[in-house]
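Letter by letter, the chains look like this.
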Amino acid sequence: MYEARERFPRYESRGVKTMFTVMVVEDDLPLRKMMCAFLQMNGYRPVQASNGDEALDLTGKVMPDLVIADVMMPVMDGWELTGELRRLYPMLPIMLVTARDTLEDKRKGFSSGADDYLTKPVDLDEMLLHVNALLRRAQSMTSHQLRVGNTVLDYDSLTVTCGSTSLTLPKKEFYLLFKLLSSPRQIFTRRQLMDEIWGMDAQSDERTVDVHIKRLREKCEVFDDFSIVTVRGLGYKAEKTHE
């Protein structure tokens, strides 16, 4: 299993971080080289794959910190690759890149397990912003505490605390809230949340997520640093109330 904590950089006293490895999976060679060159110029270690099958094999060898994958590729497309990577390496951040920006494409991408979505033509500066944000979120997921404004989520004690107000949640509810708040504004489908919180083989209906979200909203009304938003036709996301 992919151990995220071992793959993230350790910071030295000067604040210099160990280089992240980013895999770019793209069958368009000029575009792939351009993306890799830009990532390298900005302090990342890029590795390349021309299709999903090649990327899947390479992932086990280089253990990247993040994967950027085109959707439309020969041999194995981006959706299939994402599903396989999510099954084998649950904590690995994955960003899909596609020329199509329809709601159905996004739904399919998020359902397959993607963490983010970037449309073509690729704006390299925008890509870098997405990469930086995904890696920050992934790092926060390996921490035992998560701070959102003045509210602190403690993974070990399953508590949510703000000032003198403290709430202890059942495990599933806490894990669900921690997942959403670790990636604010990131949309998660019910299936995604079921797979990650309840497990890939969970027999529960996806409506179980709705029940837990309802309970979380009721219990967390006392905390004003965040809210849980329903995204019609897609799933749920958390939003910070104060930036």
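These notes cover the structure that comes with them. This structure is a prediction, so every number in the text was calculated from the model and none was measured.

Moving on, we come to the overall build of the chain. In terms of helices and strands, the chain carries nine helices and 11 strands. Every one of the 243 residues in the chain was classed for burial, and the buried ones make up 49%. A separation threshold of at least 6 residues defines the contact pool for the chain, and within that pool the share at least 24 residues apart is 57%. For the chain, the exposed surface amounts to about 12200 Å²; the carbon and sulfur share of it is 49%.

What follows is about the sheet that holds strand E8 (residues 159-162). Where strands meet in a sheet, backbone hydrogen bonds hold them as pairs that are either parallel or antiparallel. Ordered in space as E6-E7-E8-E9, the four strands form an open sheet in which the pairing is antiparallel. For this open sheet the edge positions go to strand E6 (145-148) and strand E9 (165-168), each flanked by a neighbour on one side alone. Looking at each pair of strands side by side, their axes are set apart by 15 degrees on average, direction ignored. As defined by bridge partners, E8 adjoins E9 across four bridges and the pair is classed as antiparallel. Within E9, the position partnered with Val160 by the bridge is Leu167.

Relative to strand E11 (residues 235-240), strand E10 (residues 226-231) runs antiparallel, the two being bridged by six bridges. By the bridge assignment for E11, Phe226 is matched with Lys240. Two successive antiparallel strands, E10 and E11, enclose a turn made up of three residues, where Gly233 displays a positive phi of approximately 85 degrees.

Ranked by internal contacts, the top residues of the largest apolar core, which has 26 residues, are Leu153, Leu177, Leu180 and Leu181. Of all the elements in the fold, those that place two or more residues in this core are E6, helix H7 (171-182), helix H8 (190-198), helix H9 (207-219), E10 and E11. For this core, the element with the highest residue contribution is H7, accounting for six residues.

The end-to-end C-alpha distance of helix H2 (residues 29-41), which contains 13 residues, comes to 18 Å, matching closely the 18 Å that a straight helix rising 1.5 Å per residue would cover. Every buried residue of H2 is accounted for by Leu31, Arg32, Met35, Cys36, Phe38 and Leu39. Within H2, the buried residues cover an arc of 160 degrees as seen down the axis, which keeps them to one side. Turned more than 90 degrees from where H2 packs its buried face, Pro30, Lys33, Gln40 and Met41 sit exposed. Gly43 lies just past H2 and shows a positive phi near 95 degrees.

On to the side chain of Asp154, then. Here Asp154 shows up in strand E7 (residues 151-154). There is a polar contact of 2.9 Å between the side chain of Asp154 and the backbone nitrogen of Ser157. Those residues within four positions of Asp154 in sequence are excluded, and the remaining contacts are His144, Gln145, Thr159 and Phe174.

Further remarks concern the environment of Glu173. Along the chain, the position of Glu173 falls in helix H7. Glu173 sits in the buried class, given a relative accessible area of 3%. In this view, Glu173 contacts His212, Arg215, Leu216 and Lys219; residues no more than four positions away in its chain are not counted. Only 2.8 Å separates the side chain of Glu173 from the side chain of Lys219, close enough to count as a polar contact.

Pairing analysis gives three bridges linking E7 to E8, with the strands arranged antiparallel. Residue pairing for E8: Val152 is matched across the bridge by Thr161. Here E7 hands over to E8 after four residues, with Leu158 in that stretch at a positive phi of 60 degrees. Here E8 folds back onto E9 in antiparallel fashion, the turn holding two residues, of which Gly163 has a positive phi close to 60 degrees.

Criteria and cut-off values
- Residues numbered from 1 in each chain as written.
- Predicted model: local features only at pLDDT ≥ 70, side-chain atom pairs only at ≥ 80, totals over all residues.
- Heavy atoms only, no water.
- Helix = DSSP H or I, 4+ residues; strand = E, 2+ residues; numbered from the N terminus.
- Buried < 20%, exposed > 50% of the residue type's maximum accessible area, 1.4 Å probe, protein only.
- Contact = heavy atoms within 4.5 Å.
- Areas by Shrake-Rupley, 256 points an atom, 1.4 Å probe, with all protein chains shown as cover.
- Pairing = 2+ DSSP bridges.
- Axes fitted to C-alpha atoms, helices over the stretch in contact; angles between N-to-C directions.
- Core = buried A, V, L, I, M, F, W, Y, C linked by side-chain atoms within 4.5 Å.
- Expected span 1.5 Å × (residues − 1).
- Arc of directions from axis to C-beta.
- Polar contact = N/O pair within 3.5 Å; in protein donor to acceptor, adjacent residues only side chain to side chain.

Function cannot be inferred from these measures alone, as they are strictly geometric.
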